Structure formats: structure tokens, C-alpha cells
Amino acid sequence: VLRPSWSALTRQVKGLLDAFASPGGDLVIVRATDSLFVYLGGGEKLGRRIGAVPFSGREIVMIQWATGRNVGRWNQEIAAMVRRGLPAPKVVPPPKDP
């Protein structure tokens, strides 16, 4: 169940395109026009934003890879990329709220 609701999220996140809430409702991940954002859950209001990953339009990995039967394949693909010299993850500061 998406909590906050889609209509509440569209009022709170500029450029909202997609959203996912953890089963316990403690985390909400939203995809906006140019970033993925991670928020603490908070009922019908988003809690504090705790992460952001800016991207260009072609950098998003299909969400289907991160769920269900595709998780094993995703893990294998990432392990193979690391063996081939995948750059280490980098932490970037979240964009400022508008």
C-alpha cells in the first residue's frame, strides 16, 4: 500500500513520476524528474528526506530488477560489474528543496 497516498505525494514532491513505500511504511522512495529521493514515512505526510540520487534520463535501472524473481539476476549482474571494475558508489548531497 502506498502511504502517503499518490494524491498526497503529488502535492509534496515536485515532478513526481513514481513512488514505492516499504511494507512497514517507514521508508518512501520517489522518482521525480531528475532524482530518486528517500524519505522517512509519516502517514499522509512525508517525513524527513534522508537521501537523494540525481540522475539523467537514461540512468534509471528498471524497478522490476529489484523485486521478485529478478533479485537473483540483479545480484549476479552487479557482482559481475564489480569484478569488471565498476566504480565504487559515491554519496552525493541531495538537491536543495525548491
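Residues numbered from 1 in each chain as written. Predicted model: local features only at pLDDT ≥ 70, side-chain atom pairs only at ≥ 80, totals over all residues. Heavy atoms only, no water.

(A) Expanded view of the overall build of the protein. When helices and strands are tallied, the protein shows two helices and four strands. Tracing the protein from N to C terminus, the helices and strands come up as α-β-β-β-β-α. Relative to all contacts within the protein whose residues are 6 or more apart in sequence, the contacts with residues 24 or more apart total 25%. Carbon and sulfur atoms make up 58% of the accessible area of the protein, which totals about 7,400 Å². (Helix = DSSP H or I, 4+ residues; strand = E, 2+ residues; numbered from the N terminus. Contact = heavy atoms within 4.5 Å. Areas by Shrake-Rupley, 256 points an atom, 1.4 Å probe, with all protein chains shown as cover.)

(B) Summary view of a nonpolar patch on the surface. Side chains of Leu27, Leu40 and Ile50 sit close together on the surface and give an oily, nonpolar patch of about 210 Å² of accessible area. Considering the arrangement of structural elements, one finds isoleucine 50 in strand E4 (residues 49–54). The partly exposed category is assigned to isoleucine 50, whose relative accessible area is 40%. (Patch = residues over 30% accessible without salt bridge, like charges linked within 9 Å, V, L, I, M, F, W, Y side chains within 5 Å. Salt bridge = Lys/Arg side-chain N within 4 Å of Asp/Glu carboxyl O. Buried < 20%, exposed > 50% of the residue type's maximum accessible area, 1.4 Å probe, protein only.)

(C) Fine view of unusual backbone geometry. The omega angle of the peptide bond from arginine 3 to proline 4 is 5°, so this bond is cis rather than trans. Here proline 4 lies in the segment before helix H1 (6–12).

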